[in-house]
Amino acid sequence: MRIVVIGGGQAAASAIRRLRQLGYDGDILLVSREPFPPYERPPLSKSHLAIGAANEPKMIFPEDFWEENAVDLRLSEEVQSIDVETNSVLVGTKKISFDHLILATGASPRKFPDQMTKGLNGTHQLRNVADANRLRSQLNPGRSLVLVGGGFIGMELAATARQLGLTVTVIERDERILNRVASTQLSNIIRQWHLENDVTLIEGQETTGFLGTKNVTGVQLSNGAEVCADLVVLGIGVIPDCALANAAGLQVDNGVLVDDYGSTNRSGIWAAGDCASFSFEGRMVRLENVQNAIDQAENVAENILGANKKYTPTPTFWSNQYDHIVQIVGLYQPGMITVCRQSSGRLSFWHYSYNNLKAVEVIDDPKTFAIARRLLTDGRSPAPELVADDDRILKEFLRSA
Amino acid sequence: MQKWIEACAADNIDNEDLIRFDHGTRTFAIYRSPSDDYYCTDGLCTHEEVHLADGLVMDHIIECPMHNGQFDYRTGEAKRTPACVNLKTYPVKIENGNVFINIGAD
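Residues numbered from 1 in each chain as written. Chains lettered and ligands numbered in written order. Predicted model: local features only at pLDDT ≥ 70, side-chain atom pairs only at ≥ 80, totals over all residues. Heavy atoms only, no water.

S.K.: An account of the overall build of chain B is needed here, citing residue identities and associated values.
M.R.: The secondary structure content of chain B amounts to zero helices and 11 strands. Starting at the N terminus and walking to the C terminus, you meet the elements of chain B as β-β-β-β-β-β-β-β-β-β-β. The C-alpha atoms of chain B give a radius of gyration of 13 Å, which matches the 13 Å a tight globule of 106 residues would have. Once the C-alpha set of chain B is aligned to its principal axes, its extents read approximately 40 × 30 × 20 Å. (Helix = DSSP H or I, 4+ residues; strand = E, 2+ residues; numbered from the N terminus. Rg over C-alpha atoms; globule rule 2.2 N^0.38 Å.)

S.K.: Go over the overall build of chain A with me, naming the residues and quoting the values.
M.R.: A tally of helices and strands in chain A yields 11 helices and 26 strands. For 401 residues, the compact-globule formula gives about 21 Å, and the C-alpha radius of gyration of chain A, at 22 Å, lands near that figure. With respect to the principal axes defined by its C-alpha atoms, chain A has extents near 65 × 55 × 35 Å. Looking at chain A residue by residue over its 401 residues, the buried ones come to 55%. When contacts within chain A are restricted to residue pairs at least 6 apart in sequence, those whose partners lie at least 24 apart make up 61%. Entry remark: accessible area of chain A is about 17,400 Å², with carbon and sulfur atoms responsible for 46%. Computed over 39 positive and 47 negative side-chain charges, the separation of the two mean positions in chain A equals 1 Å. (Buried < 20%, exposed > 50% of the residue type's maximum accessible area, 1.4 Å probe, protein only. Contact = heavy atoms within 4.5 Å. Areas by Shrake-Rupley, 256 points an atom, 1.4 Å probe, with all protein chains shown as cover. Lys, Arg positive; Asp, Glu negative; His and termini not counted. Charge placed at Lys NZ, Arg CZ, Asp CG, Glu CD.)

S.K.: Pulling in residues and values, what's your account of the side chain of K395(A)?
M.R.: Checked against the element boundaries, K395(A) lands in helix α11 (residues 395-399). For K395(A), a relative accessible area of 12% puts it in the buried group. Leaving out residues up to four positions away in the same chain, K395(A) has contacts with I371(A), E16(B), D17(B), L56(B) and V57(B).

S.K.: Tell me what's going on with the pattern of salt bridges, and back it up with residues and numbers.
M.R.: Side chains bearing opposite charge may pair, as long as their charged atoms lie close to each other. Counted under the stated rule, the structure contains 26 salt bridges over all chains. In this structure, K309(A) engages E302(A) in a salt bridge whose closest nitrogen and oxygen atoms are separated by 2.5 Å. Taking the relative accessible area as the measure of exposure, E302(A) reaches 10% and is therefore buried. With a shortest N-O distance of 3.9 Å, D17(B) and K367(A) are connected by a salt bridge. Pair noted here: D17(B) is in strand β2 (residues 17-23) and K367(A) is in helix α9 (residues 366-377), and the two residues belong to different chains. A relative accessible area of 12% means that D17(B) is categorised as buried. (Salt bridge = Lys/Arg side-chain N within 4 Å of Asp/Glu carboxyl O.)

S.K.: Explain a negative patch on the surface residue by residue, including any values.
M.R.: All names here are of chain A. Together, E63, D64, E67 and E68 give the surface a local cluster of negative charge. One can find E68 in helix α2 (residues 65-68). Exposure remark for E68: the relative accessible area of 61% places this residue in the exposed category. (Patch = residues over 30% accessible without salt bridge, like charges linked within 9 Å, V, L, I, M, F, W, Y side chains within 5 Å.)

S.K.: Hey, could you go over the environment of Q80(A) for me, with residue numbers and the actual values?
M.R.: All names here are of chain A. Looking at where Q80 falls in the secondary structure, it is placed in strand β4 (residues 79-83). Classification of Q80 by relative accessible area gives partly exposed; the value is 44%. For the pair Q80 and D241, spaced 161 residues apart in sequence, the C-alpha separation works out to 13 Å. When near neighbours in sequence (up to four residues on either side) are disregarded, Q80 contacts L90, V91, G92 and L244. At a separation of 2.6 Å, a polar atom in the side chain of Q80 contacts the main-chain amide nitrogen of G92. (Polar contact = N/O pair within 3.5 Å; in protein donor to acceptor, adjacent residues only side chain to side chain.)

S.K.: Give a description of the pairing of strand β10 (residues 92-95) of chain B that names residues and reports values.
M.R.: Residue and element names in this part refer to chain B. Across four bridges, β10 lies against strand β11 (residues 98-102) in antiparallel orientation. Across the sheet, residue E95 finds its bridge partner in β11, namely N98. Between β10 and β11, which pair antiparallel in sequence order, lie two residues; one of them, N96, sits at a positive phi of approximately 50°. (Pairing = 2+ DSSP bridges.)

S.K.: Mind laying out the packing of aromatic side chains, listing which residues take part and the relevant values?
M.R.: Applying the stated criterion across every chain yields a total of 11 aromatic pairs over all chains. With a centroid separation of 4.7 Å and an interplanar angle of 45°, the aromatic rings of F152(A) and F317(A) are classed as tilted. Placement of the pair is F152(A) in helix α5 (residues 152-163) and F317(A) in strand β22 (residues 316-321), with a sequence separation of 165 residues. Its relative accessible area of 8% is what places F152(A) among the buried residues. We classify F317(A) as partly exposed; its relative accessible area is 23%. Members of the aromatic cluster, joined through ring pairs, are F61(A), F65(A) and W66(A). Taking the ring centre of W4(B) as reference, the NZ or CZ of K93(B) above it sits at 4.4 Å. (Phe/Tyr/Trp six-rings, centres within 6.5 Å; stacked < 30°, edge-to-face > 60°. Lys NZ or Arg CZ within 6 Å of the ring centre and 35° of its normal.)

S.K.: Describe a nonpolar patch on the surface, naming the residues involved and giving the relevant values.
M.R.: On the surface, a cluster of nonpolar side chains totalling about 260 Å² of accessible area is made up of M1(A), L22(A) and L305(A). Considering the arrangement of structural elements, one finds M1(A) in the segment before β1 (2-6).

S.K.: Break down unusual backbone geometry for me, citing the residues and quoting the values.
M.R.: Phi is positive for D198(A), which is not a glycine, with a value near 65°. Owing to a relative accessible area of 57%, D198(A) belongs among the exposed residues under this scheme.

S.K.: Now, about the state of the cysteines: what can you tell me, with residues and values included?
M.R.: Residue and element names in this part refer to chain B. Throughout the structure, instances matching the rule amount to zero disulfides over all chains. A disulfide-free cysteine, C40 has its sulfur positioned 9.7 Å from the sulfur of C8, the nearest such atom. Relative accessible area serves as the criterion here: at 1%, C40 is assigned to the buried category. The closest cysteine sulfur to the non-disulfide-bonded C64 is located on C45, 3.9 Å from its own sulfur. (Disulfide = S-S within 2.5 Å.)

S.K.: Hey, could you go over the sheet that holds strand β5 (residues 88-91) of chain A for me, with residue numbers and the actual values?
M.R.: Residues and elements named next belong to chain A. Strand order in the open sheet formed by three strands is β4-β5-β6, and the pairing between neighbours is antiparallel. The open sheet is flanked by β4 and β6 (94-97), the only strands paired with a single partner. Between one strand axis and the next, the sheet turns by 25° as a mean value, whatever way the strands run. (Axes fitted to C-alpha atoms, helices over the stretch in contact; angles between N-to-C directions.)

Structure below.
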């Protein structure tokens, strides 16, 4: 039997590890565009940009993992096409057949149209280690950086760049930063951290143009204002990489569509991680985080080996900014009822829908987070008034029926 | 070289829980299992330097509070990515209601 994995990120790595853990001893072939074996992306917006950090990324597995686990690693290579009739992929000019195929192709940063960015030097995006190395070489103290997009990647970069001594402005199109990904309560606190660190935040303004002739010198906003910049980083979201799936005739709609088991509409072809779209709490979602890449990929690996197991994720996310760590479990949606828990000076926000606990956001309190994650995973829903009572010991909620 | 160190009173650790124990420049995690057996591992997750003492013990698993890696604290085995390097474990004995750990030479 042969399993081919396309993509070189966390999902690809996790699927392979799980296959071997479960005793699968057939062929595994990994095709990745990247020149490195799967590495960790989260540090790219943080520690990787620090002065003196290595050019090489932090690898997910020790170097000898790939040989020990007999993985045929095809780095800096691309799959040209997938043939769903013959169950084969074209790598370069070579046709390779598979029994199972895992699409772990990830996502790419959303771009502004070329006529808007005009190919100006000094505009960056951040997805892979080459992007991060390019950006790092430009992050010199005293320069001014404009971040277009106030999502987590933008806010992490803002914190990193301030620590490196740059002047930083964040421009967010929505009425507030982190609008799509965090509650108002949490984003208010994060906003405060950035204001205390002298980041300029411009919310509710669209970026409508880029200034400069050869090098970027600033951006223009929808209210006509101009903001000067020596460099600009776009952090305006990602688009799932589904070109191969699309060309192969697999069902695609903002991601490769998979069922509860991770299977595409063709038996034997699976998808996991950022590129996969699946039904979660009654709507189609893609979860763009490390935890989902791990869990969904492991679930696919298990199902390839016959587990027949539904994927029931507990969405989990973390972000480091300045000396703070934010951790989120569950999916927050506007309109949820929020209670705040304050215990030993640590804050967490507990979000409920019709008295069902749906999401918890935790600031600088890993222990509370670990318990909240377990509560949500187990489907437990402690009453809001009990959670808000800081005399209550959280762990007790795990034991009560 | 055997070196037993007194770490804490046995009932300082709740059932199915753990504590952090620092000794010199080193940090350890000491666990009490649901059946009241005691175990000791290195205190930091092998994935990134996070104190496991902030994590959650469920049965014989310690779950790292940061990135959800899991270890069997009895053997140190990494059970779940992103953790993939095993935790070092240390012998433990209980004497007169106190927990002693053997961390070898300093």
